[in-house]
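Inside the fold
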Amino acid sequence: MSYSFLPYALPEIGDAEINEVVSSLKSGWITTGPKAKKFELAFSSFLGREDIESIAVNSATSGLHLALEAVGVQPGDEVIVPTYTFTATAEIVRYLGATPVFVDVDFESYNMTASSFRAAITPKTKAVVPVHFAGLACDMDSILAIAKEFNIKVIEDAAHALPTYYKGRLIGTLDSDATVFSFYANKTMTTGEGGMVVTTNLDIAKRCKVMRLHGISKDAFDRYSSTKPAWSYEVVAPGYKYNMPDISAAIGIHQLKRLPEFKVKREQLAKYYFEAFKDMHIGLAKLPQEDSSHAWHIFPIQLSNYKGITRDQFISRMSELGVGCSVHFIPLHLHPYWRDTFNLSPEMFPVAQHLFENEVSIPLYTRMSLEDAERVVKAVKQVLSYD
Ligand SMILES: *Cc1c(COP(=O)(O)O)cnc(C)c1O
């Protein structure tokens with residue numbers, strides 16, 4: 001057992017990933033090309049639905065931006081988002097000049113609820129962006145039904161939800177307009193930076209593909225393999241620069257193969273924590289129903305039953321004991337930009353405010369051993385003076 005500092009998160013990169021990156025570097029093709037294409041096809045087949053289009057991008061943030069653009073979000077529109085999320089979920093709405101409408105979350109799941117979604121709908125509501133917090137799916141049956149009733153587009157922020165089953169179906173295969181995954185360094189699989197938009201709607205897929213590369217009507221790879229002259233292309237819109245380079249896709253191809261193994265490891269660690277904390281008064285995450293699963297991107301605990309210590313003191317004491325912790329999330333209504341621009345206050349989001357004030361995320365990642373998890377548990381017990 002090592003007594004060095006246990007960081008809050010670490011990526012797990014193996015030789016296969018490293019060798020594939022080296023092969024890209026040596027091949028002469030380092031930007032979007034054959035490996036990005038291969039990664040997209042592998043991703044669709046991982047989701048197991050033949051009619052799914054996977055569109056690789058350089059971050060989930062760019063993917064969310066493309067998806068909202070593709071469903072036609074524009075100035076004057078409102079887009080409903082939870083306050084309990086990362087700022088990317090709402091900033092993409094501002095990229096398009098539209099207005100984010102913030103809603104509170106559920107006390108047990110930390111997720112946007114169907115009733116808070118319904119209550120926030122106005123004639124201007126164009127889209128909703130449910131976030132599957134920590135890797136537990138939102139109540140998607142209800143959210144999709146309400147969206148259908150009011151003709152609202154649904155773009156799932158699935159940055160934490162790879163892989164997550166919802167009632168027997170993988171997130172990414174539900175009937176929303178598009179779903180976006182993140183391959184940021186600390187997510188359940190990584191490409192360094194990267195993301196994937198998935199959709200079964202061919203118009204959305206086509207628009208995302210055009211807009212991810214300057215609004216060019218064919219992507220670079222197709223361009224060089226088509227019968228048109230290699231130098232020829234057409235610009236049909238002022239697009240973005242959101243394509244995923246082959247250097248990143250090289251990592252993704254192998255990370256994706258390891259996802260089932262990563263999932264087992266994360267579940268083992270989560271199970272270990274549940275067992276270790278069962279007699280303590282720590283608030284633990286809601287567990288999925290039988291035909292659903294949790295991706296355990298984050299393992300949140302709630303300290304509201306421990307009056308002698310503040311959340312911030314807890315995190316510094318853990319750090320002194322060599323364990324890195326984090327907080328997810330500082331709700332958007334507390335950040336100056338969102339608070340001041342949209343007149344938000346904590347009283348408008350009592351559940352999110354309470355969850356935030358008492359939340360700590362403890363380390364949970366595939367490179368941790370069970371001894372590392374044991375060390376985290378010991379530190380938690382020591383800090384909370386629990387025998
Ligand atoms: C990480 C994250 C994102 C952004 O992902 P990037 O790939 O870094 O752009 C978006 N939403 C949520 C909820 C996240 O946690």
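What comes next concerns the included structure. Computed from a predicted structure; not experimentally measured. (Residues numbered from 1 in each chain as written. Predicted model: local features only at pLDDT ≥ 70, side-chain atom pairs only at ≥ 80, totals over all residues. Heavy atoms only, no water.)

1. As for the sheet that holds strand β10 (residues 283–284)
Across the sheet, which stays open at both edges, the three strands sit in the order β10-β11-β12 with antiparallel pairing between neighbours. The two strands at the open ends of the sheet, each matched to only one other strand, are β10 and β12 (359–362). Here strand β11 (residues 299–302) pairs with β12 via four bridges, running antiparallel. Within the sheet, the bridge partner assigned to Gln-302 lies in β12 and is Glu-359. Strands β11 and β12 of the sheet are contacted by helix α12 (residues 350–358), whose axis makes an angle of about 50° with β12. (Pairing = 2+ DSSP bridges. Helix = DSSP H or I, 4+ residues; strand = E, 2+ residues; numbered from the N terminus. Contact = heavy atoms within 4.5 Å. Axes fitted to C-alpha atoms, helices over the stretch in contact; angles between N-to-C directions.)

2. Things to note about the environment of Leu-269
Here Leu-269 is to be found in helix α9 (residues 246–276). Look at Leu-269 and you get buried, because its relative accessible area is 0%. Remark: the alpha-carbon pair of Leu-269 and Val-93, spanning 176 residues in sequence, is separated by 36 Å. (Buried < 20%, exposed > 50% of the residue type's maximum accessible area, 1.4 Å probe, protein only.)

3. Structural notes on the nonpolar core
Formed by 45 residues in total, the largest nonpolar core has its most connected members in Leu-68, Val-73, Tyr-84, Phe-102, Ile-155 and Val-197. Among the secondary structure elements, those contributing two or more residues to this core are β1 (53–57), α3 (60–70), β2 (78–82), α4 (88–95), β8 (178–182), α7 (202–212) and α12. Among the domains, domain 1 (15–256) and domain 2 (260–383) are the pair contributing at least three residues each to this core. One finds Phe-117, Ala-137, Met-189 and Met-196 within the second-largest nonpolar core, a separate group that totals 41 residues. (Core = buried A, V, L, I, M, F, W, Y, C linked by side-chain atoms within 4.5 Å. Domains from an automatic or database assignment.)

4. What about the side chain of Thr-199?
Topologically, Thr-199 is positioned in strand β9 (residues 195–199). Using a relative accessible area of 3% as the deciding quantity, one classes Thr-199 as buried. A polar side-chain atom of Thr-199 sits 2.7 Å from the main-chain carbonyl oxygen of Asp-177. Side-chain polar atoms of Thr-199 contact the backbone nitrogen of Asn-201, separated by 3.0 Å. (Polar contact = N/O pair within 3.5 Å; in protein donor to acceptor, adjacent residues only side chain to side chain.)

5. Points about the packing of α3 against α7
Orientation of α3 relative to α7, taken along the N-to-C sense of each, is 125°, at an axis distance of 9 Å. Between α3 and α7, the angle falls in the class oblique. In this structure, α3 meets α7 at a crossing whose hand is right-handed. Contact residues: α3 offers Leu-66, Ala-67, Glu-69 and Ala-70, while α7 offers Ile-204, Arg-207, Cys-208, Met-211 and Arg-212. Within the contact of α3 with α7, the residues separate by chemical class into six nonpolar, no polar and three charged. (Parallel < 35°, antiparallel > 145°, perpendicular 65-115°, else oblique. Left-handed = near helix turned anticlockwise from the far one by under 90°. Nonpolar A, V, L, I, M, F, W, Y, C, P; charged D, E, K, R; others polar.)

6. So, the pairing of strand β3 (residues 99–103)
β3 sits mainly inside the fold: four of its five residues count as buried. One ladder, built from five bridges, connects β2 with β3; its direction is parallel. Bridged to Val-79 within β3 is Pro-100. Crossover connection from β2 via α4 to parallel β3: handedness right-handed. (Right-handed = clockwise from strand over helix to strand, strands pointing away.)

7. Let's talk about the site of the ligand
The immediate surroundings of the ligand are formed by 16 residues, with Thr-61, Asp-157, His-160, Ser-182 and Lys-187 found nearest. In this structure, an oxygen atom belonging to the ligand sits 2.8 Å away from a main-chain N or O atom of Ala-60. Here an oxygen atom of the ligand sits 2.6 Å away from a polar atom, N or O, in the side chain of His-160. With the chains in place, 92% of the 380 Å² that the ligand exposes on its own is no longer accessible. Elements that contribute at least two residues to the shell around the ligand include exactly α3 and α4. Residues that form the shell around the ligand fall into these classes: seven nonpolar, seven polar and two charged. (Near = heavy atom within 4 Å. Areas by Shrake-Rupley, 256 points an atom, 1.4 Å probe, with all protein chains shown as cover.)

8. A word on the sheet that holds β3
Strand order in the open sheet made by the seven strands is β1-β9-β8-β5-β4-β2-β3, with mixed pairing throughout. With partners counted over all chains shown, the strands left at the sheet margins are β1 and β3, one partner each. Neighbour-to-neighbour, the strand axes of this sheet turn through a mean angle of 25°, independent of strand direction. Pairing geometry for β2 and strand β4 (residues 125–128), over three bridges, is parallel.

9. Quick notes on α7
Regarding α7, the residues found buried are Ile-204, Ala-205, Cys-208, Val-210, Met-211 and Arg-212. Packing partners of the buried residues in α7 comprise α2 (34–47), β1, α3 and β9. The N-capping residue of α7, defined by a side-chain oxygen 2.9 Å from the backbone nitrogen of Asp-203, is Asn-201. Positive backbone phi, at 65°, marks His-214, one or two positions downstream of α7.

10. Things to note about the pattern of salt bridges
Under the counting rule described, the total for this entry stands at 16 salt bridges. The partner of Arg-311 in a salt bridge is Asp-312, and the shortest N-O contact between them spans 2.7 Å. Note that Arg-317 and Glu-320 form a salt bridge whose closest N and O atoms lie 3.1 Å from each other. In this pair, Arg-317 and Glu-320 both sit in helix α10 (residues 311–320), three residues apart, roughly one turn of the helix. Residues participating in the shared-partner salt-bridge network are Glu-12, Glu-17, Arg-258 and Glu-261. (Salt bridge = Lys/Arg side-chain N within 4 Å of Asp/Glu carboxyl O.)

11. A look at helix α1 (residues 15–27)
The first and last C-alpha atoms of α1 sit 18 Å apart over 13 residues, in line with the 18 Å expected at 1.5 Å per residue. For α1, every residue scored as buried is listed here: Glu-17, Glu-20, Val-21 and Ser-24. An end-on view of α1 places all buried positions within 100° of arc, on one side of the element. Summarising the geometry of α1, the exposed residues directed more than 90 degrees from the buried face are Asp-15, Asn-19 and Lys-26. For α1, the secondary structure elements touched by its buried residues are α2 and α9. Count one or two residues on from α1 and you reach Gly-28, which has phi positive near 95°. (Expected span 1.5 Å × (residues − 1). Arc of directions from axis to C-beta.)

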